[in-house]
Amino acid sequence: MNLPDDTWFMRQALKEAEKAFREEEVPVGAVLVKMGRVIARGHNQVELLKDATAHAEMLCIGSGAQALENWRLLGSTLYCTIEPCPMCAGALLLSRVKRLVWGAPDIRHGANGSWVDLFANPHPTHTLSITSGVLADECGAIIQEFFRKRRKE
């Protein structure tokens, strides 16, 4: 179920994606929310850090753990502009994020049904609530524009 604040928080994640776009990174952004406020932000920094694990979600989860001084992100919601990949999906489960809200599907790497569905079977220790398609057109447009620009270069 799409909650009223989902659109607002997804717009915050889109601001992070715009940062990545300006830095010539694949424009994916994420924010972590707990008790109605953003406690962490992240955007792709794979090229900058020369690290394939520097996805927006991973950086956001790490920052959230630092902010809470706890790796267990109980009661939190992660907003991400694109469907998480398998690595990020695993991190969401392991860090005990309560809810995931994502925007556009990722047919090449999406781990919530577009390529594979890591959430299809119940996890033995954690249940994650998922809402997809929030601002999907806007989230998809920034990715499409990025790759359109890259193909021209």
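Keep in mind it's a predicted model, so treat the numbers as computed, not measured.

Turning our eyes to something else, we now look at the sheet that holds strand 5 (residues 129–132). With respect to topology, five strands assemble into an open sheet ordered 2-1-3-4-5, the strand pairing being mixed. This sheet does not close on itself; its edge strands, each paired only once, are strand 2 (37–43) and strand 5. The sheet shows a mean angle of 15° between the axes of neighbouring strands, taken without regard to direction. Two elements, strand 3 (residues 76–82) and strand 4 (residues 99–104), share five bridges in a ladder whose sense is parallel. The residue of strand 4 that forms the bridge with Tyr79 is Val101. Packing of helix 5 (residues 136–152) onto the sheet brings it into contact with strand 3 and strand 4, and relative to strand 4 it is tilted by some 60°.

As a further point, take the packing of aromatic side chains. With the rule as written, the count across this model stands at four aromatic pairs. Aromatic pair Phe9 and Tyr79: ring centres 5.3 Å apart, planes at 35°, arrangement tilted. Of the two residues, Phe9 sits in helix 1 (residues 4–22) while Tyr79 sits in strand 3, which places them 70 residues apart along the sequence. In terms of burial, Phe9 and Tyr79 fall into one category: buried. When the ring of Phe146 is compared with that of Phe147, the centres are 5.1 Å apart and the planes differ by 85°; the resulting orientation is edge-to-face. Take Phe146: its relative accessible area is 3%, and that puts it in the buried class.

The rules behind these values
- Residues numbered from 1 in each chain as written.
- Predicted model: local features only at pLDDT ≥ 70, side-chain atom pairs only at ≥ 80, totals over all residues.
- Heavy atoms only, no water.
- Pairing = 2+ DSSP bridges.
- Helix = DSSP H or I, 4+ residues; strand = E, 2+ residues; numbered from the N terminus.
- Axes fitted to C-alpha atoms, helices over the stretch in contact; angles between N-to-C directions.
- Contact = heavy atoms within 4.5 Å.
- Phe/Tyr/Trp six-rings, centres within 6.5 Å; stacked < 30°, edge-to-face > 60°.
- Buried < 20%, exposed > 50% of the residue type's maximum accessible area, 1.4 Å probe, protein only.

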